[in-house]
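# Coordinate analysis (summary)
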Amino acid sequence: MSLPPLVEPADELTIDEVRRYSRHLIIPEVGMAGQKRLKNSKVLVIGAGGLGSPALLYLAAAGVGTLGIVEFDTVDESNLQRQIIHGQSDVGKSKAQSAKESILETNPNTNVVLHETRLDNDNVFEIFEQYDLIVDGTDNFATRYLVNDAAVLLGKPYVWGSIFRFDGQVSVFWAEHGPCYRCLYPEPPPPGMVPSCAEGGVLGVLCASVGAAQVTEAIKLLTGIGDPSLGRLNIYEALDLNWRTLKVRKDPNCAICGENPTVTELIDYESFCGALTEEAADAAVGSTISVKQLSEWIKLKDNGEKDFVLIDVREPNEYEINKIPGSVLIPKADFQTGVALEKLPQDKQLVFHCKSGVRSAEVLAIAKGAGFSDAVHVGGGVVAWVDQIDPSQPSY
Ligand SMILES: [Zn+2]
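This structure is a prediction, so every number in the text was calculated from the model and none was measured.

The next subject is the overall build of the protein. A count of helices and strands for the protein gives 18 helices and 13 strands. Overall, the C-alpha framework of the protein stretches about 80 × 50 × 40 Å when taken along its three principal axes. In the protein, which comprises 396 residues, the proportion classed as buried is 50%. Across the protein, the fraction of contacts at a sequence separation of at least 24, relative to all contacts at a separation of at least 6, is 69%. Of the roughly 18400 Å² of accessible surface on the protein, a fraction of 51% belongs to carbon and sulfur atoms. Between the mean site of the 34 positive side-chain charges and the mean site of the 53 negative ones, the protein shows a separation of 4 Å.

Below, the structure written as structure tokens:
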């Protein structure tokens, strides 16, 4: 299904612009009219991270006139493996500022608008209203549902992408002409089921494949060229170098774009997506210690004044990166299968930790259920440990 162009053409291109975009202008389907439409386009990119980096650079290079960036984070060294819009000298700098500098170096004609804030229910409409199209490069479910719902309620199209390890997904959602994200994924996955890239990793170059596909869809929508991927979920598998396409139908029972919507305004997305399962959250109440407390406990243990077993429930490859001294590694899966429970000492207090405190809270719930009632877990995990106690170790 082809759609009319989203954007009217600008009045004219300058001589410099004609020179700059000549390889576009000689494509018959783009031509002068298409390039003028890009010049008049206002595109919002959410996140200047893995997907946002290639997306922003190519949108700018293509001649999109106005680029908005929603980003509140700062550049970290662990970003540079994939977030190519930032460089070594940007570490510690605002990602939005760093992205703006790279964009202007690529194309000084771009009007870059920074929204250095966390997207939330209070600002999402005001920000979205300023743009023709949204490119979603977020990495968490709460923001994805917020983006979807705000886009549906405003009638805006958006290009969605996601990445994990070697696989990516891309689709176009626009409730007026096809399905929305909730039609495809009516409910977020149970907390802890789907690891984030921070927890599970991502092949850096995958961002280029998926981000470039998102920009291609954006250009098609803005200029009215080709067949935008509405109603199609495109799945990229890097290890097979393969794109598969699945049909996505508009769900008549969709909570927001269906016939009898139950979501008619923005909801509480954090609690909708839940950072922790109910069991894990219950188990963690009154049984969470800080890394500072853990550090005290370790000193007491060394003096023979306290006894406990510190168990790291991450994966072996994470344990190789950093660790809390004295910890033993027993991955979360061994608790879920029950294998680990048999190995645990019955006469010592158990202290669990993981990367950030999500997996360890789930394990805590299992251990408490198995009778280890005085077990605790470490809030913030090894990330907090490196941050607050031992900055000599690398974080990830
Ligand atoms: Zn829907």
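Back to the write-up after that little detour.
So, on to the pattern of salt bridges. Scanning the model with the defined rule gives 14 salt bridges in all. One salt bridge connects Arg-244 with Glu-237, and the closest N-O pair in it is separated by 3.3 Å. A relative accessible area of 35% places Arg-244 in the partly exposed class. For Glu-237, a relative accessible area of 18% corresponds to the buried category. A single salt-bridge network, built from bridges that share partners, covers Asp-90, Lys-93 and Glu-101.

Moving on: the packing of aromatic side chains. Evaluation of the coordinates by the stated rule reveals 11 aromatic pairs. Residues Tyr-236 and Trp-243 carry aromatic rings whose centres are separated by 4.8 Å and whose planes lie at 35° to one another, so their mutual orientation is tilted. The class for Trp-243 is partly exposed, based on a relative accessible area of 39%. Seen from their ring centres, Phe-335 and Phe-352 are 5.4 Å apart, and the 90° between their planes marks the pair as edge-to-face. Residue Phe-335 is found in helix α15 (residues 332-337), and its partner Phe-352 is found in strand β12 (residues 349-353); the two are separated by 17 residues along the sequence. Of the aromatic side chains, those joined through ring pairs into one cluster are Tyr-145, Tyr-158, Trp-160, Phe-173, Tyr-181, Tyr-185 and Phe-272. One cation-aromatic arrangement involves Arg-144 over Phe-141; the distance from NZ or CZ to the ring centre is 4.9 Å. Stacked on the ring of Trp-297, the Lys or Arg Lys-306 has its end atom at 4.0 Å from the ring centre.

As far as domains go, the protein holds domain 1 (15-273) and domain 2 (278-388). The centre of domain 1, based on its C-alpha atoms, is set 37 Å off from the matching centre of domain 2. Domain 1 puts 4 residues into the contact, and the matching count from domain 2 is 6 residues. Summing both sides of the interface, domain 1 and domain 2 together bury roughly 370 Å²; the carbon and sulfur share of this comes to 28%. Taken together, the links from domain 1 to domain 2 amount to 0 salt bridges.

Here 5 strands make up an open sheet; going across it, the order is β9-β13-β12-β10-β11 and the pairing parallel. Either end of the sheet is taken by a strand with one partner, and the two such strands are β9 (288-289) and β11 (328-329). Direction of pairing for β9 relative to strand β13 (residues 376-378): parallel, over a ladder of 2 bridges. Within β13, the position partnered with Thr-288 by the bridge is His-377.

Attention now goes to the UniProt feature "domain: Rhodanese" (unreviewed entry) in the protein. Annotation from UniProt places "domain: Rhodanese" (unreviewed entry) at residues 304-394. Span residues 304-394 is 41% helix and 16% strand, its end C-alpha atoms 30 Å apart.

Our next topic: a nonpolar patch on the surface. Together, Phe-166, Leu-203, Val-205 and Leu-239 make up a nonpolar patch on the protein surface, roughly 380 Å² of accessible area in all. Take Val-205: it is sitting in the loop between α9 (197-200) and α10 (206-223). You can call Val-205 exposed: its relative accessible area is 56%.

Here we come to the coordination of the zinc ion. Each protein donor to the zinc ion is listed here as Cys-180 (SG), Cys-183 (SG), Cys-254 (SG) and Cys-257 (SG); together their distances run 2.3 Å. Geometry at the zinc ion is tetrahedral, judged from the 4 donor atoms that bind it and their angles of 94 to 120° at the metal. Each donor residue of the zinc ion belongs to the same chain, with the gaps between them written as C-x2-C-x70-C-x2-C. Both residues of the pair, Cys-254 and Cys-257, count as buried.

Note that an α-helix has 3.6 residues per turn; residues three or four places apart therefore point the same way. For helix α4 (residues 52-62), a buried count of 9 out of 11 residues is recorded, marking the element as mostly surrounded by other parts of the structure. Taken residue by residue, α4 has Gly-52, Ser-53, Pro-54, Ala-55, Leu-56, Leu-57, Leu-59, Ala-60 and Ala-62 as its buried positions. Note on α4: the residue one or two positions beyond its end, Gly-63, has a positive phi of about 100°.

Turning to the side chain of Lys-220, a few remarks are in order. Residue placement: Lys-220 occurs in helix α10. A polar contact is formed between the side chain of Lys-220 and the backbone oxygen of Asp-227, at a distance of 3.1 Å. Apart from residues no more than four positions distant in its own chain, Lys-220 is found in contact with Ile-225, Gly-226, Asp-227 and Pro-228.

Here helix α13 (residues 291-302) spans 16 Å end to end across 12 residues, near enough to the 16 Å set by a 1.5 Å rise per residue. All buried positions along α13 are accounted for by Val-291, Leu-294, Ser-295, Trp-297 and Ile-298. The arc that holds the buried residues of α13, viewed along the axis, is 160°, so those residues lie on one side. Residues of α13 that are buried sit in contact with β9, β10 (308-312), β12, β13 and α18 (381-388). Gly-304 occupies a position one or two residues after α13 and carries a positive phi of about 75°.

Summarising the element assignment, Tyr-131 is placed in the loop between α6 (124-128) and β4 (133-136). Each C-alpha atom of the pair Tyr-131 and Arg-23 lies 26 Å from the other, and the pair is 108 residues apart in sequence. The contacts of Tyr-131, once residues within four sequence positions are left out, are Lys-42, Val-43, Leu-44, Thr-66, Leu-67, Gly-68, Val-113, His-115 and Lys-156.

What counts as what
Residues numbered from 1 in each chain as written. Predicted model: local features only at pLDDT ≥ 70, side-chain atom pairs only at ≥ 80, totals over all residues. Heavy atoms only, no water. Helix = DSSP H or I, 4+ residues; strand = E, 2+ residues; numbered from the N terminus. Buried < 20%, exposed > 50% of the residue type's maximum accessible area, 1.4 Å probe, protein only. Contact = heavy atoms within 4.5 Å. Areas by Shrake-Rupley, 256 points an atom, 1.4 Å probe, with all protein chains shown as cover. Lys, Arg positive; Asp, Glu negative; His and termini not counted. Charge placed at Lys NZ, Arg CZ, Asp CG, Glu CD. Salt bridge = Lys/Arg side-chain N within 4 Å of Asp/Glu carboxyl O. Phe/Tyr/Trp six-rings, centres within 6.5 Å; stacked < 30°, edge-to-face > 60°. Lys NZ or Arg CZ within 6 Å of the ring centre and 35° of its normal. Domains from an automatic or database assignment. Buried area = accessible area lost by both parts, 1.4 Å probe. Pairing = 2+ DSSP bridges. UniProt positions renumbered as here; feature names shortened; annotations may be inferred. Patch = residues over 30% accessible without salt bridge, like charges linked within 9 Å, V, L, I, M, F, W, Y side chains within 5 Å. Donors = N, O, S within 2.8 Å, 3.2 Å for Na, K, Ca; no water. Tetrahedral: all angles 85-135°; square planar, octahedral: opposite > 155°, others 65-115°. Polar contact = N/O pair within 3.5 Å; in protein donor to acceptor, adjacent residues only side chain to side chain. Expected span 1.5 Å × (residues − 1). Arc of directions from axis to C-beta.

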